[in-house]
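Remarks on the overall topology
Now for the letters of each chain:
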Amino acid sequence: MSSVQRNQPCPCGSGKKYKKCCGASQGAHNPVGGSPRERTPFAGVPGSPVELSLPMALHGQNQYIVFEPLPGPIPVGGGEPGTYKVVFTLGRPGFPQRPEGKFTCEQNLEGDSHLYVRLKPETVEIMFSLRTPEGVFDFHGVPNRFGHLGKLWTEHAVAKDYHDAERIAWTALSPTLSWLSVHLDIPLFVEQVDVIDRHTGGQMMKVLLAYRTIGMSVAPVHAGTPEFQYYACLYRDALCTNSALYQFLCLYKILDAVFARRLQASRVGGSTDRPKPTNHLEIVPADENAFKPWMNAIFPTAARLAWSQMHFDSVCRPEARGKEFSAVSDAYLLPIRNRIAHALIGSGELGYSIDNASDLQRVFHWLPLLKCMVRRTLRNEFPNEFMPGWRDDGSFDTAQEEKQKAEWSSLFRKA
């Protein structure tokens, strides 16, 4: 927002001039930490949504928060019954509103979209009422400095806690965004959700964890089989999409294909060059002590985090702990996959919708564990192609390390 002129209205919506609001602290405040690419959010798996709770909103401070991996659990408040303000900050897909790896509350975000709403020079806000089974909600929308719709919010959501307030507001607003999107042929992407307790001032932000910048610790050459390449390209497709539903389908397809591959091998007697899966590793960890080495074994050193109790809670859902992958897939993942797939490619009426907050929450609930299950099964199924040299305790085989160094030396000489 540094391009905002000093005498223009502040993008935070306070009504003050930029120089007397967020611009007053510009340059006076140094963001916490260094380069955002060197920082990692404190919980969750990169690429998945995470909720951050603040004791109070950071009104007009124009500051970013950089969260580091911490060794112990961090309590995240859930709010209390009362009235909440829910703010949806829009963004253009591929053009994030904040620096990668840094987070700030909605008061410091301008928002952006492809929807131009300043149809008259004097337009400073649009308003509309949405009727739902839980009541009528008045939504306010403000344009950014270019006249594009930047934010939408409702101020009087009566709810049990932060999550209930988000659900109520999302269920009211999302169908309208879909209606506008299909008529106008534009994406309307919600980049961040802020839920503010109007009584205490406490605030919850829901954001998507950025991927870390990782050093190229493997040789950039393809030495895998065509079969493994199918799995690799589907995994990359899952990471590159902005759609949680499509990401779920891609990752589930990998997991399901590995299971089918094993079943086929068992029917024809197996193959002598394929190792038998290590079944005890295809069980969801039941506690934090088992979780840490389990995660270290499926992520290379550069991508590892300081796995904490919060990571364990966000990946290993209570209902899945101690269960085999196949049981988790059949009980929890397959029903979601079927609902999404049947809605998208099956015959009959649609049945799964991102406008339904409960449907979307189910996908977000299972995505982190699904991703880790995929990485574990690929390690078992393709040990010579996926993370070769890494032991099950997360350590690296020194002989394999020497071989990798030789590959790098050869590659550099050719370059």
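For the structure, check the block above.
Here goes a summary of the coordinates provided. Here the residue numbering is sequential within each chain, running from 1 through the sequence in written order. Residues qualify for local features only when their pLDDT is at least 70, as the model is predicted, and side-chain atom pairs are given and counted only at 80 or more; totals for whole chains, interfaces and linings, by contrast, use all residues. Hydrogens and water are ignored here; the side-chain numbers use all heavy atoms of the structure.

Details of the packing of helix H3 (residues 244-267) against helix H7 (residues 357-381)
To get an axis, a line is fitted to the C-alpha atoms, and for a helix only the part in contact is used. The angle between two axes follows their N-to-C directions and goes from 0 to 180 degrees. Runs of H or I in DSSP of at least four residues are treated as helices and runs of E of at least two as strands, each being numbered from the N terminus. In contact at an axis separation of 9 Å, H3 and H7 are set at 35° when each is read in the N-to-C sense. The chirality of how H3 crosses H7 is left-handed. The residue makeup of the contact of H3 with H7, split by class, is 17 nonpolar, 3 polar and 4 charged. Left-handed describes a crossing whose near helix is turned anticlockwise from the far helix by less than a right angle; the clockwise case is right-handed. Ten residues, namely Ala, Val, Leu, Ile, Met, Phe, Trp, Tyr, Cys and Pro, are considered nonpolar, four, namely Asp, Glu, Lys and Arg, are considered charged, and the remaining ones, Gly among them, are considered polar.

So, the pattern of salt bridges
By definition, a salt bridge exists where a carboxyl oxygen of Asp or Glu is found within 4 Å of a side-chain nitrogen of Lys or Arg. As enumerated under the stated definition, the model contains 13 salt bridges in all. A salt bridge links Arg-167 to Glu-134; its shortest N-O distance comes to 3.0 Å. Here Glu-134 lies in the loop between strand S3 (126-132) and strand S4 (135-143) and Arg-167 lies in helix H1 (residues 162-184), a separation of 33 residues in the sequence. Across the pair Arg-167 and Asp-164 runs a salt bridge whose closest N-O atoms are separated by 2.8 Å. Linking Arg-167 with Asp-164, this pair stays in helix H1, spanning 3 residues, or about one helical turn. Partly exposed describes any residue whose relative accessible area lies between the buried limit of under 20% and the exposed limit of over 50%, with all areas from a 1.4 Å probe on protein chains only and scaled to the type maximum. Given the relative accessible area of 29%, Arg-167 is considered partly exposed. Sharing partners across several salt bridges, the network here consists of Glu-227, Arg-261, Arg-262, Glu-282 and Glu-381.

Focus: unusual backbone geometry
At Asp-185, a residue that is not glycine, the phi angle is positive and equals roughly 60°. Within the secondary structure layout, Asp-185 lies in the loop between H1 and strand S6 (189-197).

Looking at the packing of aromatic side chains
Two rings belonging to Phe, Tyr or Trp (six-membered ring only in the last case) form a pair when the distance between their centres is within 6.5 Å. Interplanar angles under 30 degrees mark stacking, angles over 60 mark edge-to-face geometry, and anything in between is tilted. With the rule as written, the count across this model stands at 12 aromatic pairs. A ring pair is formed by Phe-128 and Phe-139, whose centres lie 6.2 Å apart and whose planes are at 15°; its orientation type is stacked. Placement of the pair is Phe-128 in strand S3 and Phe-139 in strand S4, with a sequence separation of 11 residues. Relative to Phe-382, the ring of Tyr-231 has its centre 5.2 Å away and its plane inclined at 55°; by these criteria the two rings are tilted. Linking Tyr-231 in helix H2 (residues 226-240) with Phe-382 in the loop between H7 and helix H8 (398-414), this pair joins segments that are 151 residues apart in sequence. For the pair formed by Tyr-231 and Phe-382, the shared burial category is buried. Taken together through their ring pairs, the aromatic side chains of Phe-228, Tyr-231, Phe-382 and Phe-386 make up a single cluster.

Comments concerning the packing of H2 against H7
The contact between H2 and H7 brings their axes to 13 Å, and the two run at 165°. By the angle between their axes, H2 is roughly antiparallel relative to H7. The handedness of the crossing between H2 and H7 comes out as left-handed. Seen from H2, the contacting residues are Tyr-231, Tyr-235 and Leu-239; seen from H7, they are Lys-371, Val-374, Arg-375 and Leu-378. An angle below 35 degrees is read as roughly parallel, one above 145 as roughly antiparallel, one from 65 to 115 as roughly perpendicular, and any other as oblique. In this description, contact between two residues means that some pair of their heavy atoms is separated by no more than 4.5 Å.

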